[in-house]
Amino acid sequence: MVSETSKQPRINLDRLLGDIEALGRFGATDRGGVNRPVYSDADLGARQWLEAAAIDAGLGFRSDAIGNCFLTLAGAQPNEPKVWTGSHIDTVPDGGRLDGAYGVLSGLECLRTLVEVGFVPARTIEVVAFADEEGAYGSFLGSRALADGLAADYLTGLAGRHGEPLADGLARIGSSIDAVVAQAPISADEVAAFVELHIEQGPVLEDAGLDIGVVTDIVEVAHGFVTFLGQADHAGTTPMALRRDATRAAGSFLTGLPTVPADHGSRTAVSTCGMIGVEPGAANIVVEEIRLSLDVRDRAGNVPALQGAVEELARRSADEHGLNHRLQWTSLTPGVALDGGMQQQVADAADRVGVSHHRMVSGAGHDAQVMARVVPTGMIFVPSKNGRSHSPVESTAPSDLETGANVLLETLIGTAT
Ligand SMILES: [Zn+2]
């Protein structure tokens, strides 16, 4: 709750809620969610809306080659490294209205509030809406372009969920792979600090009745696929004993997968298979090939042990049924410890707003973990109702949205002055 006696500037909740509503219309689904992958029509509409909102608020606006958008409040010392905040406005298929958008729109509301009260920070403050956080083409594409730079070979190999090349997506925002490659990554001379405000997407804050999460670490994530290989045969004429049915190994594997974290990881380790592909895929044919997606997460440094256990489980599951298998890890996103100074900035900001805070690990990946490689980075969480996210039911109480945005505002004031 916001202190009534505070003389400090505070955000306008109605305006923030209005923005969440307005941006949520781009890609709105019948189920009350949002389907807004990067470079889609909905995303293009959302970008135009964001630009108009920035200009309305008296802020600068620009976008870069990969499609990151920047909303700028110029500081009194324009040559000093900037302070960045932000998140993403793309969503997973049938996602919610808050994941990512809340951080970007709160950033917009914070800058609008500062303009309104005539507060000129020493450092320039920018709100960044990172492109393709959700990985329609490649996870954290926008933040990785800024932090690391992206190579032509890598970009040329990227395709969307339906096989469309990244170049086609970039063309929709008037850009190209060459333009992305030519864009230099940022340096510490340009950006002094980054802070991302985000919904928790888990149940920890709500369970504990706490207002604000100060994120200490972001988990390490490995993604991959395991494919079990059998033989396609007639479902009516092939006796059970003579089948090489790929679903048998997959069944053993899926039964074992949930036990891997407890046996080989830390208390917060998790493992998931979220996609199953079956070939040839007909009711009257024994399955020849079954492809399972893999997602394993744990604290920084623990994930290789989980990966080893998953590999062993896949081997055992295939052997048990006399089948072959292939296992391929497609990415390992390193976990990071966030900057101690930025954690303190967020904790102090929560104190100034007069709300409780709790240091915690993020089980979800965020642009902050990429930015943390090059810039002192902090992260602020607000509670998620029932811990739900990546779904239309994603929700946070308006009072919690207000608290989070005010903690962001205080963090920005503290970091930029
Ligand atoms: Zn997000």
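Residues numbered from 1 in each chain as written. Predicted model: local features only at pLDDT ≥ 70, side-chain atom pairs only at ≥ 80, totals over all residues. Heavy atoms only, no water.

A. Main features of empty space enclosed by the protein. Applying the stated criterion to the full structure yields 1 cavity of 30 Å³ or more. For the largest cavity, the calculated volume is near 40 Å³. Surrounding the largest cavity, Val-38, Asp-43, Arg-47, Gly-67, Cys-69, Ile-89, Asp-90, Ala-129, Phe-130, Ala-131 and Asp-132 form its lining. For the lining of the largest cavity, the secondary-structure elements that each account for two or more residues are helix H2 (41-56) and strand E4 (125-130). Split by residue class, the lining of the largest cavity holds 6 nonpolar, 1 polar and 4 charged. (1 Å grid on protein atoms, 1.4 Å probe; cavity = no way out; pocket = protein on both sides within 12 Å on 5 of 7 lines; lining within 4 Å. Points joined across faces, edges and corners; volume = space filled by probe spheres on them. Helix = DSSP H or I, 4+ residues; strand = E, 2+ residues; numbered from the N terminus. Nonpolar A, V, L, I, M, F, W, Y, C, P; charged D, E, K, R; others polar.)

B. How the structure looks around the coordination of the zinc ion. The protein atoms that coordinate the zinc ion are His-88 (NE2), Asp-99 (OD) and His-198 (NE2), at distances of 2.0 to 2.2 Å. Donor residues for the zinc ion sit on one chain with the sequence pattern H-x10-D-x98-H. Here His-88, found in strand E3 (residues 82-88), pairs with His-198, found in strand E5 (residues 191-199); they are 110 residues apart in sequence, far enough to count as distant. Look at His-198 and you get buried, because its relative accessible area is 1%. (Donors = N, O, S within 2.8 Å, 3.2 Å for Na, K, Ca; no water. Buried < 20%, exposed > 50% of the residue type's maximum accessible area, 1.4 Å probe, protein only.)

C. The side chain of Ser-106, seen in detail. Relative to the helices and strands, Ser-106 is located in helix H3 (residues 101-116). Here the side chain of Ser-106 touches Tyr-102 through a polar contact of 2.8 Å, landing on its backbone oxygen. Excluding residues that lie within four positions of it along the chain, Ser-106 makes contacts with Leu-16, Leu-197, Ala-405 and Leu-408. (Polar contact = N/O pair within 3.5 Å; in protein donor to acceptor, adjacent residues only side chain to side chain. Contact = heavy atoms within 4.5 Å.)

D. Fine view of the domain arrangement of the protein. Domain annotation of the protein identifies domain 1 (13-218 + 335-416) and domain 2 (220-333). Taking the mean C-alpha position of each, domain 1 and domain 2 sit 34 Å from one another. Facing the 9 residues of domain 1 at the interface are 5 residues of domain 2. Interface area for domain 1 against domain 2, summed over the two sides, is near 550 Å², with a carbon-plus-sulfur share of 47%. Summed over the shared surface of domain 1 and domain 2, the number is 1 salt bridge. With a shortest N-O distance of 3.7 Å, Arg-299 and Asp-217 are connected by a salt bridge. The tally of links between domain 1 and domain 2 comes to 3 residue pairs in polar contact (both at pLDDT 80 or more). Split by residue class, the side of domain 1 that touches domain 2 holds 4 nonpolar, 4 polar and 1 charged. (Domains from an automatic or database assignment. Buried area = accessible area lost by both parts, 1.4 Å probe. Salt bridge = Lys/Arg side-chain N within 4 Å of Asp/Glu carboxyl O.)

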